[in-house]
Structures are given as C-alpha cells and as structure tokens.
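Inside the fold
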Amino acid sequence: MNKSTKMLCYAATFLALGLVLPFFTGQVPQIGNMLLPMHIPVLLCGLICGWQYGLVVGFVMPLLRHMLFGMPPLFPTSVAMTFELATYGFVAGWLYSHSRWQCVVALYRCLITAMLAGRLVWGVVQVCLLGIGASGFTWQMFMAGALLNAIPGIILQLILLPAVMLALHRTGLVPFKKDGHPVPAQATN
C-alpha cells in the first residue's frame, strides 16, 4: 500500500472516530463541552497524517456529524467548530511536520499552540456569527467556552495524545524523527 493510500485510510479512521466518540459522552452537551471528544481524532490526524488531512478532517467532521446525527446544532456550534477543528488539524500537523525533532517535547509545543490557535479561531468565528455586545458573543462567553468549561478536555488531550504518539513510536507505526531521520524506539526508553 502506498503512503498516500495509507494516510487516506488513517484519515478516514480518524473521521469515523470523531463521529463515534461523542456518543461516549452520552450525548450530554455539558459533558461533551468538557471532554471535547471530537478534538482528539482531529489532533491525532494532523500529527500522524499531516496538516492537509488534519485540516480536511477537522473541517468536515462537525458538519458531517450534524448531518448524520443532528448534533452538534448547525448554527452556531457546528459552523464555529468546523473552523476550530480545521485549525487544530492544520496547526498541529504543520508544526509537527516542520519540527526539527519529532519527540514528546515537540508534541507538547504543537498541541498547545494548536489548542490556542483553534480556540482563538473559534472565538473569531463566534463573533462573526453572533456579533459583539450584550446580545451577541461576549468576552465571558469566550472565556467560558474556550477555556473554563474545556479544562477537563484540555488536560485529557495533553495526557492522552502524547501517550498515544509514544505508544505508536514504540510499536514502530509512527516513529519519532530527529533531523528528518527515524529515531529507534529503544532510543526513547
């Protein structure tokens, strides 16, 4: 199987995971808003498949999930999430692929930067959709949606994603790289 076919299969798997994972939050929006189940496969897709796949999977996932299951609601949630998740996939994938060393430290740098960029894009899209002011999108709404309510999901992502990437490195499926060359799994022990 050539590399592009393999990446396309991985991306489809991440898309499927993003469609299914929210069911584990019991379709309770408050829990989903806290654990951010759709963010995990998009970030992994960007890291493993590259920014192009992460961007597309992130952009398509919320809209497809809305069309198939009616959740999240289309306006403004799915629309804002479309740009937010596309940003996650793009930023995480682009930064990680351009990292001189692909290791756990680089993962954290890429994840934190992608999370900040995605939340900023989410806020900008919400302002464009809802406007600014008392009846529109307020600073308090941004802080609650982008940070305060999402703390459990952010912690989950910062623990789970490096652990998954480290496990994939140790199995040899997605090796870390130093100056563009694979690093043997034994070198990270």
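Throughout what follows, the structure given in this document is the object of discussion. (Residues numbered from 1 in each chain as written. Predicted model: local features only at pLDDT ≥ 70, side-chain atom pairs only at ≥ 80, totals over all residues. Heavy atoms only, no water.)

1. Digging into the nonpolar core
Ile48, Tyr96 and Met165 are the most contacted members of the largest nonpolar core, which has 37 residues in total. It is helix H3 (residues 39–49) that contributes the most residues to this core, eight residues altogether. In terms of nonpolar packing, the next biggest core, distinct from the first, is built from six residues, Ala80, Val125, Phe137 and Phe142 among them. (Core = buried A, V, L, I, M, F, W, Y, C linked by side-chain atoms within 4.5 Å. Buried < 20%, exposed > 50% of the residue type's maximum accessible area, 1.4 Å probe, protein only. Helix = DSSP H or I, 4+ residues; strand = E, 2+ residues; numbered from the N terminus.)

2. Description of the environment of Met67
Relative to the helices and strands, Met67 is located in helix H4 (residues 51–69). A relative accessible area of 65% means that Met67 is categorised as exposed. When the C-alpha positions of Met67 and Pro162 are compared, they lie 31 Å apart, and in sequence the two are 95 residues distant.

3. Notes on helix H8 (residues 151–171)
In this model, H8 (21 residues) spans 30 Å end to end at C-alpha, consistent with the 30 Å of a helix rising 1.5 Å per residue. Those residues of H8 lying buried are Gly153, Ile154, Gln157, Leu161, Pro162, Met165, Leu168 and His169. Note on H8: the residue one or two positions beyond its end, Gly172, has a positive phi of about 90 degrees. (Expected span 1.5 Å × (residues − 1).)

4. So, the environment of Pro182
Checked against the element boundaries, Pro182 lands in strand E3 (residues 181–182). A sequence separation of ten residues divides Pro182 from Gly172, and the C-alpha atoms of the two residues are 9.5 Å apart. The contacts of Pro182, once residues within four sequence positions are left out, are Pro175, Phe176 and Lys177. (Contact = heavy atoms within 4.5 Å.)

5. Concerning the packing of aromatic side chains
If you walk through the whole model with that rule in mind, you get three aromatic pairs. Considering the side-chain rings of Phe23 and Phe69, the 4.9 Å spacing of their centres and the 85 degrees angle between planes classify their relative orientation as edge-to-face. In this pair, Phe23 is assigned in the loop between helix H1 (3–20) and helix H2 (29–35) and Phe69 in helix H4, connecting sequence segments 46 residues apart. Taking 5.7 Å as the distance between ring centres and 85 degrees as the angle between the ring planes, the aromatic pair formed by Phe59 and Phe83 counts as edge-to-face. A residue pair is termed long-range when its members are at least 10 positions apart, and Phe59 in helix H4 and Phe83 in helix H5 (residues 74–97) qualify at 24 residues. Look at Phe59 and you get partly exposed, because its relative accessible area is 36%. One Lys or Arg, Arg65, reaches over the ring of Phe23 and ends 4.8 Å from the middle of that ring. (Phe/Tyr/Trp six-rings, centres within 6.5 Å; stacked < 30°, edge-to-face > 60°. Lys NZ or Arg CZ within 6 Å of the ring centre and 35° of its normal.)

6. Focus: the packing of H3 against helix H6 (residues 104–130)
The interhelical angle for the contact between H3 and H6, taken along N-to-C directions, is 125 degrees, at an axis separation of 12 Å. What the angle tells us is that H3 and H6 run oblique. In this structure, H3 crosses over H6, and the sense of that crossing is right-handed. Here H3 contributes His39, Leu43 and Leu47 to the contact with H6, which in turn contributes Leu107, Leu111, Ala114 and Arg119. Split into classes, the residues belonging to the contact of H3 with H6 amount to five nonpolar, one polar and one charged. (Axes fitted to C-alpha atoms, helices over the stretch in contact; angles between N-to-C directions. Parallel < 35°, antiparallel > 145°, perpendicular 65-115°, else oblique. Left-handed = near helix turned anticlockwise from the far one by under 90°. Nonpolar A, V, L, I, M, F, W, Y, C, P; charged D, E, K, R; others polar.)

7. Thoughts on unusual backbone geometry
Cis geometry is found at the peptide bond from Met71 to Pro72, where omega equals -10 degrees. Looking at where Pro72 falls in the secondary structure, it is placed in the loop between H4 and H5. Backbone torsion omega between Phe75 and Pro76 reads -5 degrees, so that peptide bond is classified as cis. Among the secondary structure elements, Pro76 is positioned in helix H5. Despite not being glycine, Leu36 has its phi angle at roughly 50 degrees, a positive value. Within the element layout of this structure, Leu36 appears in the loop between H2 and H3. Exposure remark for Leu36: the relative accessible area of 9% places this residue in the buried category.

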